Amino acid sequence: LYAALPQVLSILDSQYRDYARERMYMSGVDSALADTLSTQYGFQLLVPKVYRWHKADSTFVFRNDNPDPSELIRELVVSWRSPAPARLDADDMLAWRASNVAAYYSEPQDTVLEGMAVSDTTFAGHPAVQVQAQWRNPPTRDWPAAGPFITRAITCDTQDRTYLIDAWLYAPGKEKYEYMIQLETILDTFRCG
């Protein structure tokens, strides 16, 4: 029995991930937005049609706070720097994320460094660094809020850009695994160049 557990876990996790992705895209993929982002701005992201978006400078905010933002917020923010920095480490990424939070997020967020995971990887053939951690609002706020985030820095040499893609979740009192699978799925659709 114990020998079979890893395979059973893999099957169940795969089935659950398929369910989470299908549920997320029930409204359909916003392919018109994906085409606009690709032709006008040089990158692509496949978000569900229920996400709203806006642009400020070279920063794009994609948000789904249905049915009620006090109960659930899923948000992705894409920004870039050009020329591409030689290398970004976790501290650089968190500083960049903090500047985006201050300028474009609806509420302030502090990063919880305890338990943070950093990995160097490649993504769609491009060098990348990923940070997974928790955010929480500052103690000066009237109400406590917190949640997980995934931030990726991806360098696209053909554009001489480094992109920072940040996905964060606010889901108080809810299981977060399904929503993080959904955000990770959207992150994985990113293409550039």
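What comes next concerns the included structure. (Residues numbered from 1 in each chain as written. Predicted model: local features only at pLDDT ≥ 70, side-chain atom pairs only at ≥ 80, totals over all residues. Heavy atoms only, no water.)

1. Topic: the overall build of the protein
Okay, so step 1: From N to C terminus, the protein includes 4 helices and 9 strands.
Okay, so step 2: Along the protein, helices (α) and strands (β) appear in the sequence α-α-β-β-β-β-α-β-β-β-β-α-β when read from the amino end.
Okay, so step 3: Over its C-alpha atoms the protein spans a radius of gyration of 17 Å, differing by no more than 12% from the 16 Å that the globule rule assigns to 193 residues.
Okay, so step 4: Summarising its shape, the C-alpha atoms of the protein cover approximately 55 × 45 × 35 Å along the three principal directions.
Okay, so step 5: Within the protein, contacts between residues separated by at least 24 positions form 53% of all contacts whose residues are at least 6 apart in sequence.
Okay, so step 6: When the 18 positive and 25 negative side-chain charges of the protein are each reduced to one mean point, those points stand 3 Å apart. (Helix = DSSP H or I, 4+ residues; strand = E, 2+ residues; numbered from the N terminus. Rg over C-alpha atoms; globule rule 2.2 N^0.38 Å. Contact = heavy atoms within 4.5 Å. Lys, Arg positive; Asp, Glu negative; His and termini not counted. Charge placed at Lys NZ, Arg CZ, Asp CG, Glu CD.)

2. Quick word on the state of the cysteines
Okay, so step 1: The full count for this structure, using the stated rule, is 1 disulfide.
Okay, so step 2: Across the disulfide from C156 sits C192; the S-S distance is 1.5 Å. Judged by the sign of its S-S torsion, about -60°, the cystine formed by C156 and C192 is left-handed. Here C156 is found in strand 7 (residues 146-156), whereas its partner C192 is found in strand 9 (residues 191-192), with 36 residues between them in sequence. Comparing C156 with C192 shows no difference in burial state: the two are buried. (Disulfide = S-S within 2.5 Å. Buried < 20%, exposed > 50% of the residue type's maximum accessible area, 1.4 Å probe, protein only.)

3. Considering the layout of surface pockets
Okay, so step 1: Here the largest pocket is characterised by a volume of approximately 190 Å³.
Okay, so step 2: In terms of lining residues, the largest pocket is bounded by R23, M24, S27, P48, V50, Y51, N64, L72, R74, E178, Y179 and Q182.
Okay, so step 3: The set of elements that each furnish at least two residues to the lining of the largest pocket consists of helix 1 (5-24) and helix 4 (177-188).
Okay, so step 4: Ranked by residue count, the leading element in the lining of the largest pocket is helix 4, at 3 residues. (1 Å grid on protein atoms, 1.4 Å probe; cavity = no way out; pocket = protein on both sides within 12 Å on 5 of 7 lines; lining within 4 Å. Points joined across faces, edges and corners; volume = space filled by probe spheres on them.)

4. Let's talk about the nonpolar core
Okay, so step 1: If you look at the biggest cluster of nonpolar residues, it comprises 32 residues, and the most contacted ones within it are F43, F62, V78, Y163 and F190.
Okay, so step 2: For this core, the elements supplying multiple residues, two or more each, are helix 2 (31-41), strand 3 (59-64), strand 4 (73-81), strand 7, strand 8 (161-170) and helix 4.
Okay, so step 3: Of the residues forming this core, the biggest block, 5 residues, is contributed by helix 4.
Okay, so step 4: What F190 contacts, discounting residues up to four positions off in sequence, is F43, Q44, L45, V78, F123, I154, Y163 and I165. (Core = buried A, V, L, I, M, F, W, Y, C linked by side-chain atoms within 4.5 Å.)

5. So, the sheet that holds strand 5 (residues 110-123)
Okay, so step 1: Reading across the sheet, the 7 strands line up as 2-3-4-8-7-6-5 and stay open at both edges, with antiparallel pairing between neighbours. Strand pairing shows two members of the sheet lacking a second neighbour, strand 2 (52-56) and strand 5, which therefore form its edges. Strand-to-strand twist in this sheet, taken as the mean axis angle between neighbours without regard to direction, amounts to 15°.
Okay, so step 2: Pairing of strand 7 with strand 8 involves 8 bridges; the strand directions are antiparallel. Note that in strand 8 the partner of I150 across the bridge is A167.
Okay, so step 3: Across the sheet, helix 3 (residues 90-104) touches strand 2, strand 3, strand 4, strand 5, strand 6 (126-136), strand 7 and strand 8, and the angle it forms with strand 8 is around 65°.
Okay, so step 4: Seen against the sheet, helix 4 touches strand 4, strand 5, strand 7 and strand 8 and runs at an angle of roughly 15° to strand 7. (Pairing = 2+ DSSP bridges. Axes fitted to C-alpha atoms, helices over the stretch in contact; angles between N-to-C directions.)

Honestly, it's all geometry; don't read function into it.
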